[in-house]
Amino acid sequence: DGLQPLRTLGDRPFKAVGVIAEPECGFIRVTGPTALLLGTDGVFDLIAPQEVEDTLCLSASPEVQAIRLKDHIELIRPHDNYTFIIVSLRP
């Protein structure tokens, strides 16, 4: 019921109710062409991670991946807000 604060910026007043800005950090060795998807809850509240992966695996082109993911999201909930970035990584 209302605006969800952007968690990555860490609104201090919301810390009392469990919103945190502590990042999860880790390393992944890239051994082949890989796509990194950064997305808001408007993406991940609608689509299961496996569906996102399946959609991205349909093409190696980040541009085509972005169009397909956008189209998939808009089929499910055309008037929701979402933001995502796809980064193509090479070893």
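Data block above holds the structure.
Being a predicted model, the structure only gives us computed values, none of them experimental.

K.L.:
Where do I start with the packing of helix H2 (residues 49–56) against helix H3 (residues 62–76) in this structure?
P.N.:
Axes are the key here: two packed helices are described by the angle between their axes and the distance separating the axes. Packing of H2 against H3 leaves a shortest axis separation of 9 Å and a crossing angle of 140°. When the interaxial angle is binned, H2 and H3 end up oblique. The element H2 and its partner H3 pack so that their crossing is right-handed. Along the contact surface, H2 presents Glu51, Thr55 and Leu56, while H3 presents Gln65, Arg68, Leu69 and His72. In terms of residue class, the contact of H2 with H3 is made up of two nonpolar, three polar and two charged.

K.L.:
Got a minute to help me understand the layout of surface pockets in this structure?
P.N.:
Any space left empty among the atoms is revealed by the rolling of a water-sized probe across them. Estimates place the volume of the second largest pocket at around 190 Å³. Ile28, Arg29, Val30, Thr31, Thr34, Ala35, Leu36, Leu37, Phe44, Leu56 and Leu89 are the residues that line the second largest pocket. Looking at the lining of the second largest pocket, its residues break down into eight nonpolar, two polar and one charged.

K.L.:
Help me understand the packing of aromatic side chains, please; the structure alone is not making it clear to me.
P.N.:
Remark: the centre distance and the inter-plane angle together describe each pair of aromatic rings, the angle taken between the planes. Applying the stated rule across the entire model yields one aromatic pair. Arranged with centres 6.2 Å apart and planes meeting at 15°, the rings of Tyr82 and Phe84 form a pair that is stacked.

K.L.:
What is the right way to read the pattern of salt bridges from this model?
P.N.:
A side chain of one charge can pair with a side chain of the opposite charge if their charged atoms are brought near each other. Applying the stated criterion to the full structure yields two salt bridges. A salt bridge links Asp71 to Lys70; its shortest N-O distance comes to 3.0 Å. Sharing partners across several salt bridges, the network here consists of Lys70, Asp71 and Glu74.

K.L.:
Would you explain H3 in this entry?
P.N.:
For the α-helix, the turn length of 3.6 residues means that residues three or four positions removed from each other point alike. With 15 residues, H3 ought to run about 21 Å at 1.5 Å a step, and its terminal C-alpha atoms sit 21 Å apart, in line with that. Restricting attention to buried positions, one finds in H3 the residues Gln65, Leu69 and Ile73. Angularly, the buried residues of H3 cover 65° about the axis, an arc narrow enough to put them on a single face. Away from its buried face, by an angle of more than 90 degrees, H3 presents the exposed residues Glu63 and Leu75. Residues of H3 that are buried in the fold lie against strand E1 (34–39), helix H1 (41–44), H2 and strand E2 (84–89).

K.L.:
Please clarify how the side chain of Gln65 should be interpreted in this entry.
P.N.:
Mapped onto the elements of the fold, Gln65 is located in helix H3. Taking the relative accessible area as the measure of exposure, Gln65 reaches 5% and is therefore buried. Dropping the residues within four chain positions of it, Gln65 is found in contact with Ala35, Leu56, Ser59, Ala60 and Ile86.

Each value, and the rule that gives it
- Residues numbered from 1 in each chain as written.
- Predicted model: local features only at pLDDT ≥ 70, side-chain atom pairs only at ≥ 80, totals over all residues.
- Heavy atoms only, no water.
- Axes fitted to C-alpha atoms, helices over the stretch in contact; angles between N-to-C directions.
- Helix = DSSP H or I, 4+ residues; strand = E, 2+ residues; numbered from the N terminus.
- Parallel < 35°, antiparallel > 145°, perpendicular 65-115°, else oblique.
- Left-handed = near helix turned anticlockwise from the far one by under 90°.
- Contact = heavy atoms within 4.5 Å.
- Nonpolar A, V, L, I, M, F, W, Y, C, P; charged D, E, K, R; others polar.
- 1 Å grid on protein atoms, 1.4 Å probe; cavity = no way out; pocket = protein on both sides within 12 Å on 5 of 7 lines; lining within 4 Å.
- Points joined across faces, edges and corners; volume = space filled by probe spheres on them.
- Phe/Tyr/Trp six-rings, centres within 6.5 Å; stacked < 30°, edge-to-face > 60°.
- Salt bridge = Lys/Arg side-chain N within 4 Å of Asp/Glu carboxyl O.
- Expected span 1.5 Å × (residues − 1).
- Buried < 20%, exposed > 50% of the residue type's maximum accessible area, 1.4 Å probe, protein only.
- Arc of directions from axis to C-beta.

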